[in-house]
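Architecture at a glance
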Amino acid sequence: MNRVLIVCAAAILSLGAQTRRQVSLVVIGGTVITENTTHRILTPGAVAIDGADIVDVDPPAAIAAKYQAAETIDARAQIVLPGLVNTHTHAPMVMYRGLADDLALRDWLEKYIFPAEAKTVSPELVRTGTRLAALEMIESGTTTFVDMYYFEEEIAKAVIEAGLRGVLGQTIIQFPVADARTPADALARAERFIKEFKDNGLVVPAVAPHALYTNDRTTLVASAELGRNYGVPVIIHFSETEDEIKLARDQYRMTPAAYLESIGFWGPNTLAAHGVWVTDDDIAILKRYAVGVAHNPESNMKLASGAAPVTKYLSAGVPVGLGTDGAASNNDLDMFEAMRQASFLAKLSTRDPAAVSAQTALDMATIGGARALHMDRLIGSLEAGKRADLITVSMSATRQTPLYDAVSHLVYTTRGDDVRTTIVNGKVLMKDRRVRTLDRPTVIAAANALATKVRAAVSR
Ligand SMILES: [Zn+2]
């Protein structure tokens, strides 16, 4: 009798296993915040992943019944959410972290950063810095980042090695820099870069004219055309400070937004970083051309640039993502801090405690950032058919106790260090805080060794 029962049970189990779909990875047991259009939250939930894609999001029992996973990640007592999207940074600038603080943008750039870069930017610095930045991003839950820097091909290689997703913009700037003597050189370099990486699964190549005040009209127009010709993003620093507004008024008798419109710069592939000093008409221009905005609250506060009118952008329907900006003006790449500061800065600057709620901040760091990049069909939420870019976050810290509201905790008490797992394109880059794709001691030792050279170069 017993033997018959055992045989029957085994037959049922094996039948169940046969009908279950084989998938590569299941993340199971945590509170799953999907960031889909209905803001669905599963308590608890599970995410089934096959290859690079999410195939299902459902309660744990349903996922266990439908799928057989090669690898399972237990996310109990954690929150599972879409990987964070950092819409504006300069990854290798982690090498200038803490080199010059407490300055306004113009002094900071012209007296410290541009001279330091002139002496030290090299393929080696870019490679070493990007590895350090990638390590920090993986450790703090960023899965996609937008970059603009020099030797962008070195950044692309380091990003692919680390397994992150990157929208990587080759910088175009009017004066001679380490990787280009003229804007024409920089444009040619950008075109080569686009051709080399345009079919890569992780890298989206882009063109990054630095700003209106560092490029002339011809260069700005050529940059926009290059982006249009290849259908790739065009990234620019935009209306960051009052100085920039004054310059545009003096030189063109227009706001930066109106001037860039007048030369045919804007298009649906443009991403405008900062957008602090804008009029209602400027916001209407950005909306008309479907421009995305990268809001960088920490950098804007540290350089005393101002407070971007985030609530106005959002109510006008302009997609807004969050960015850390480079680590030299922040001074880290922690997107949890960016969420918190975005919320606090909006409340303070509008004197409205309801401005940029926890939910709005989380939206900007995930699906909003994806929309600003026009990548929301691929990333930004946990839904079947999207790329499997997700993180799990511990909720066990003293400062996270007790837990009433997961979204509140993510924005108001969580830090990058609370991230336990980082998955990009279905690949586990970090599990239980151990990064798999980069060797942490090697990356940190290389950065420290290079910092000695940077210190020596800037003190000369
Ligand atoms: Zn920037």
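Residues numbered from 1 in each chain as written. Predicted model: local features only at pLDDT ≥ 70, side-chain atom pairs only at ≥ 80, totals over all residues. Heavy atoms only, no water.

The protein atoms that coordinate the zinc ion are His88 (NE2), His90 (NE2), His237 (NE2) and Asp325 (OD), at distances of 2.1 to 2.4 Å. When the donors of the zinc ion are listed by position in the chain, the intervening gaps give H-x1-H-x146-H-x87-D. Here histidine 237, found in strand S12 (residues 234–238), pairs with aspartate 325, found in the loop between strand S15 (320–322) and helix H13 (335–350); they are 88 residues apart in sequence, far enough to count as distant. Across this residue pair, the class does not change: histidine 237 and aspartate 325 are buried. (Donors = N, O, S within 2.8 Å, 3.2 Å for Na, K, Ca; no water. Helix = DSSP H or I, 4+ residues; strand = E, 2+ residues; numbered from the N terminus. Buried < 20%, exposed > 50% of the residue type's maximum accessible area, 1.4 Å probe, protein only.)

Orientation of helix H5 (residues 152–162) relative to helix H6 (residues 183–197), taken along the N-to-C sense of each, is 25 degrees, at an axis distance of 10 Å. It follows that H5 is roughly parallel to H6 by the angle criterion. Contacts from Glu152, Glu153, Ala156 and Ile160 in H5 reach Arg189, Phe193 and Phe197 in H6. The residue makeup of the contact of H5 with H6, split by class, is four nonpolar, no polar and three charged. (Axes fitted to C-alpha atoms, helices over the stretch in contact; angles between N-to-C directions. Parallel < 35°, antiparallel > 145°, perpendicular 65-115°, else oblique. Contact = heavy atoms within 4.5 Å. Nonpolar A, V, L, I, M, F, W, Y, C, P; charged D, E, K, R; others polar.)

Moving on: the side chain of serine 381. When you line up the elements, serine 381 lands in the loop between helix H14 (358–372) and strand S16 (390–394). For serine 381, a relative accessible area of 2% corresponds to the buried category. At 2.5 Å, the side chain of serine 381 forms a polar contact with the side chain of glutamate 383. Among the polar contacts made by the side chain of serine 381, one reaches the side chain of lysine 386 at a distance of 2.7 Å. Setting aside its immediate chain neighbours within four residues, serine 381 contacts Thr34, Glu35, Asn36, Ile54, Pro82, Ile367 and Lys386. (Polar contact = N/O pair within 3.5 Å; in protein donor to acceptor, adjacent residues only side chain to side chain.)

Further remarks concern the sheet that holds S16. Strand order in the open sheet formed by seven strands is S3-S2-S7-S16-S17-S18-S19, and the pairing between neighbours is mixed. The strands lining the two open edges of the sheet, one partner per strand, are strand S3 (41–42) and strand S19 (434–435). Sheet topology places strand S17 (residues 419–424) next to strand S18 (residues 427–431); three bridges connect them, and they run antiparallel. Its bridge partner being in S18, threonine 422 is matched across the sheet by methionine 430. (Pairing = 2+ DSSP bridges.)

Let's shift gears to the nonpolar core. With 112 residues, the main nonpolar core has Tyr96, Leu260 and Trp266 as its most contacted residues. At eight residues, the largest contribution of residues to this core is made by helix H4 (residues 123–139). Ignoring anything within four residues of it in the chain, the contact list for tyrosine 96 reads Ile113, Ala116, Glu117, Thr120, Val121, Leu125, Tyr149, Ala328 and Val454. (Core = buried A, V, L, I, M, F, W, Y, C linked by side-chain atoms within 4.5 Å.)

Below, the discussion takes up the pairing of strand S4 (residues 46–50). Burial analysis of S4 places four of its five residues in the buried class, which makes it a mostly covered element. As paired elements, strand S1 (residues 21–28) and S4 share four bridges and run antiparallel to each other. Following the sheet pairing, valine 26 is matched in S4 by alanine 48. The pairing of S4 with strand S5 (residues 53–58) spans five bridges and is classified as antiparallel. Bridging from a neighbouring strand, valine 47 pairs with valine 57 of S5. Here S4 folds back onto S5 in antiparallel fashion, the turn holding two residues, of which glycine 51 has a positive phi close to 60 degrees.

Quick look at the packing of aromatic side chains now. Under the definition given, this model contains seven aromatic pairs. Note on phenylalanine 265 and tryptophan 266: the rings are 5.6 Å apart at their centroids and 75 degrees apart in plane angle, and the pair reads as edge-to-face. Between phenylalanine 344 and tyrosine 412, the aromatic rings sit 5.9 Å apart at their centres with planes inclined by 5 degrees, giving stacked as the arrangement. Taken as a pair, phenylalanine 344 in helix H13 and tyrosine 412 in helix H15 (residues 406–412) lie far apart in primary sequence, 68 residues in all. Judged by relative accessible area, tyrosine 412 falls into the partly exposed class, the value being 29%. Taken together, the ring pairs in this structure connect Phe238, Phe265 and Trp266 into an aromatic cluster. (Phe/Tyr/Trp six-rings, centres within 6.5 Å; stacked < 30°, edge-to-face > 60°.)

Below, the discussion takes up empty space enclosed by the protein. Following the criterion strictly, the structure yields one cavity of 30 Å³ or more and no others. Empty space within the largest cavity amounts to approximately 200 Å³. Around the largest cavity, the lining is made up of 18 residues, and of these His90, Met93, Leu109, His210 and His237 lie nearest the centre. Elements represented by at least two residues in the lining of the largest cavity include exactly helix H3 (105–120) and strand S9 (142–149). Among the elements that take part in the lining of the largest cavity, H3 stands out by supplying six residues, more than any other. Tallied by class, the residues present in the lining of the largest cavity amount to 10 nonpolar, five polar and three charged. (1 Å grid on protein atoms, 1.4 Å probe; cavity = no way out; pocket = protein on both sides within 12 Å on 5 of 7 lines; lining within 4 Å. Points joined across faces, edges and corners; volume = space filled by probe spheres on them.)

The next point concerns the side chain of aspartate 334. By the element assignment, aspartate 334 lies in the loop between S15 and H13. Nearest to the buried, unbridged aspartate 334 among oppositely charged side chains is arginine 340, at 6.0 Å. Here glycine 416 takes part through its backbone nitrogen, which lies 2.9 Å from a polar atom of the side chain of aspartate 334. Setting aside chain neighbours within four positions, we find aspartate 334 in contact with Glu136, Ser140, Glu298, Thr324, Arg415 and Gly416. (Lys, Arg positive; Asp, Glu negative; His and termini not counted. Salt bridge = Lys/Arg side-chain N within 4 Å of Asp/Glu carboxyl O.)

Okay, the sheet that holds S4 next. Ordered by their spatial adjacency, four strands build an open sheet running S5-S4-S1-S6, and the pairing between neighbours is mixed. Unpaired on one side and paired on the other, S5 and strand S6 (67–74) mark the two borders of the sheet. On average, each strand axis in the sheet is tilted by 30 degrees relative to the strand beside it, whichever way the strands run.

Moving on to the pattern of salt bridges. Applying the stated rule across the entire model yields 27 salt bridges. One salt bridge in this structure joins aspartate 243 and arginine 106, with 3.7 Å as the shortest N-O distance. On the criterion of sequence distance, the pair formed by aspartate 243 in helix H8 (residues 242–252) and arginine 106 in helix H3 is long-range, its members being 137 residues apart. The partly exposed category is assigned to aspartate 243, whose relative accessible area is 39%. Using a relative accessible area of 48% as the deciding quantity, one classes arginine 106 as partly exposed. Sharing partners across several salt bridges, the network here consists of Arg40, Asp56, Asp58 and Lys66.

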